[in-house]
Amino acid sequence: MANEIAIIGAGMHPWGKWGHNFVQYGVAAAREALADAGVPWQDIRFVSGGATVRCGYPGYVAGATFAQALGWQGAEVNTSYAACASGSQALAAARNKILAGECEVALVVGADTTPKGFLAPAGGYRPEDPDWVRFYLGITNPTYFALYARRRMDIYGDTLEDFAAVKVKNSRVGAKNPRARYRKCFTAEDVAASAMVADPLRLMDICATSDGGAALIVCSLEYARKIGKADAPRVAGISTTTPTFASGVVEMPDIATDSAAANGVEAISYRSRIPLKAYEEAGIGPEDVSLAEVYDLSTALELDWIEDLQLVPRGEAAAWLRRGDTALGGRIPVNVSGGLACFGEAVPAQALAQVCELTWQLRGEAGDRQVKGAKVGITANQGLFGHGSSVIVKK
Amino acid sequence: MSDKPLAAAIDGWHTMADKPHLIGTQCTHCDTYFFPPQNQYCRNPACDSTDFRQVELSRTGHIWSYTNACYQPPAPFVAADPFQPYAIAGVQLEREQMVVLGQVVAGVSVADLRVGMPVELVLETLHETDDDIKVTWKWRPLPTGSNPATGA
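All values reported here derive from a predicted model rather than from experimental measurement.

As for the overall build of chain A
What chain A contains, in helices and strands, is 14 helices and 11 strands. Relative to the 2.2 N^0.38 estimate, which gives 21 Å for 395 residues, the radius of gyration of chain A is 20 Å and therefore close to what a compact globule would have. Here chain A, with 395 residues, has 64% of them falling under the buried criterion. Restricting the contact set of chain A to residue pairs at least 6 apart, pairs at least 24 apart contribute 75%.

Side note on the packing of aromatic side chains
For the structure shown, the criterion picks out 11 aromatic pairs over all chains. Ring centres 5.5 Å apart and planes at 80° place the aromatic pair W15 of chain A and F343 of chain A in the edge-to-face group. Placement of the pair is W15 of chain A in strand β1 (residues 5–16) and F343 of chain A in helix α13 (residues 339–343), with a sequence separation of 328 residues. Assigned by exposure class, W15 of chain A and F343 of chain A land together as buried. Taken together, a centroid distance of 5.9 Å and an interplanar angle of 75° make the contact between F34 of chain B and F52 of chain B edge-to-face. Highlighted residues: F34 of chain B in strand β3 (residues 33–34) and F52 of chain B in strand β4 (residues 52–56), separated in sequence by 18 residues.

Re the interface of chain B and chain A
At the junction of the two partners, chain B supplies 45 residues and chain A supplies 40 residues. In terms of surface lost to chain A, no three residues of chain B exceed W64, P76 and L101 of chain B, which account for 20% of the buried area on that side. Inspection of the chain B/chain A interface yields 1 salt bridge. One salt bridge connects D258 of chain A with R43 of chain B, and the closest N-O pair in it is separated by 3.4 Å. Here chain B is connected to chain A by 16 residue pairs in polar contact (both at pLDDT 80 or more). Of all the secondary structure elements, the ones that give two or more residues to the side of chain B that touches chain A are β5 (60–69), β6 (86–93), β7 (98–104), β8 (118–128) and β9 (133–141) of chain B. Per-element accounting of the side of chain B that touches chain A gives the leading share, 6 residues, to β5 of chain B. The class makeup of the residues in the side of chain B that touches chain A is 28 nonpolar, 11 polar and 6 charged.

Remarks on the packing of helix α7 (residues 160–174) of chain A against helix α11 (residues 299–308) of chain A
Residue and element names in this part refer to chain A. One can describe the packing of α7 onto α11 by two numbers: an axis separation of 7 Å at closest approach and a directional angle of 90°. The angle between α7 and α11 places the two elements in the roughly perpendicular class. Along the contact surface, α7 presents F163, V166, K167, K169 and N170, while α11 presents T299, A300, E302 and L303. Its residues assigned to classes, the contact of α7 with α11 shows 4 nonpolar, 2 polar and 3 charged.

Notes on the sheet that holds strand β2 (residues 23–27) of chain B
Residue and element names in this part refer to chain B. Overall, antiparallel pairing links the 3 strands, which are arranged β3-β2-β4 in an open sheet. Sheet topology places β3 and β4 at the edges, where each strand pairs with a single neighbour. Relative to β4, β2 runs antiparallel, the two sharing 5 bridges. Among the inter-strand pairings, C27 is bridged to a residue of β4, identified as F52.

A few points about the domain arrangement of chain A
All names here are of chain A. By domain assignment, chain A separates into domain 1 (5–117 + 211–235) and domain 2 (130–204 + 239–394). Opposite the 42 residues of domain 1 that make contact, domain 2 presents 36 residues. Counting each side, the surface lost to burial between domain 1 and domain 2 is near 2,900 Å², with a carbon and sulfur contribution of 67%. When the area that domain 1 buries against domain 2 is broken down by residue, the three leading residues are M12, W15 and C84, summing to 27%. Our count for the domain 1 to domain 2 interface comes out at 3 salt bridges. Elements represented by at least two residues in the side of domain 1 that touches domain 2 include exactly β1, α1 (22–37), α4 (86–99), β4 (105–112), β7 (211–219) and β8 (234–239). Per element, the largest residue contribution to the side of domain 1 that touches domain 2 is 9 residues, and it comes from β1.

Each value, and the rule that gives it
Residues numbered from 1 in each chain as written. Chains lettered and ligands numbered in written order. Predicted model: local features only at pLDDT ≥ 70, side-chain atom pairs only at ≥ 80, totals over all residues. Heavy atoms only, no water. Helix = DSSP H or I, 4+ residues; strand = E, 2+ residues; numbered from the N terminus. Rg over C-alpha atoms; globule rule 2.2 N^0.38 Å. Buried < 20%, exposed > 50% of the residue type's maximum accessible area, 1.4 Å probe, protein only. Contact = heavy atoms within 4.5 Å. Phe/Tyr/Trp six-rings, centres within 6.5 Å; stacked < 30°, edge-to-face > 60°. Buried area = accessible area lost by both parts, 1.4 Å probe. Salt bridge = Lys/Arg side-chain N within 4 Å of Asp/Glu carboxyl O. Polar contact = N/O pair within 3.5 Å; in protein donor to acceptor, adjacent residues only side chain to side chain. Nonpolar A, V, L, I, M, F, W, Y, C, P; charged D, E, K, R; others polar. Axes fitted to C-alpha atoms, helices over the stretch in contact; angles between N-to-C directions. Parallel < 35°, antiparallel > 145°, perpendicular 65-115°, else oblique. Pairing = 2+ DSSP bridges. Domains from an automatic or database assignment.

In structure tokens:
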């Protein structure tokens, strides 16, 4: 296909709360990806970094920061900031560069060092900043996850046991993933015994913030053939679309939705529209998908994503979960990496970590987490300020 | 509670009356509502208006969803000592076709709430400073059987 690029290398620094400089994680991930690809660093002509806003100026210019750390060699750089979708936006920048013929092989990398506890906004008195406003009024990230979870309970009859079952499912595979931060098989009782954070979500329903780094080496199909990697998995579609007015679900960090009062305007769910462009670009449908890596900021949100990706009919994700259909070995395995439940979130690295997992799965290198016969994988995530992404990788 | 004067936690976002309203704006061309108020550019992609009127939003609506805060949020939130958990609701406003978040009044827990429940807007303390008591909008359940559509 004319718009495809190959993924010839993937690498990750293990997720954790290591407390080191984020650059160290990115360099480790990049070096693993380069070694995996068998491409010398000096051959990389474009470095596309996911920005972190919590690590000072080097984080704002992450592409250059990583290029310097790996050793200046004259490559062009780019830095993308798109909240949770930063990694995908950095990947899209590399794809554009490659498809435009300006570069044969690129490094895409993101890494973060996160503070403890809630992610908090900048200080001062700044009512013009919606992120400041919602914290001032006492509305944190788990508030939004909990509002969505309560909607599922009210509309579809999902239960607390369903949400706990997502954590149990993901922890079973995450326990086998050496790159995951939490590697314990949790039980429904463990979830029920954890502290309530934002009713109906408990501490173990909500993902932590983590340190970590992830990297990909991507190239033109011609370059992949040239180095004997014609069979490498390909990026077949990337969506980083923004919401459509009137965005009808209250999204972080806003305290209100758009108004759909104008003539001819209707309320539209952003999340369900994110994957549409990826499917269209890839020329495939949900029925072709072998596995999905979705952004389980909460257990309940994994169920929303499965429906937003159209992998199951609206409202039926919990039923599929109960039957084991979304587990490893099921009809459509979801988050066989262990998901955010087992990793915690390292914002600029997370969307790339999702693609790393798909890459290993499609190569058949995922060991005891392997989805048999995996041919097509899809990712999905959403962050603040109208950022979201979905990437389709295929064999 | 002290006898300090009351002041809006955020100026200009709600009236200070007994039956308070959120203060929004409405595009004079396409009728889209905005809260927080927005006077500079219409965000309806089919409208390039820069002309708005200030409006009082409906002070009643129905709960779209709800939750609570069991842990103390970070600054700029100013917590009571000890921290008192509070409920939070997203409320669907019929006329405005939008959902607005806010705390639920003190003394009401998630066990008292349900999706679709009618609520009204009231003012309550958010925190106290050396000079005044900062109040903000909160949602309060209405008696069962009341009709927000006519009660606005």
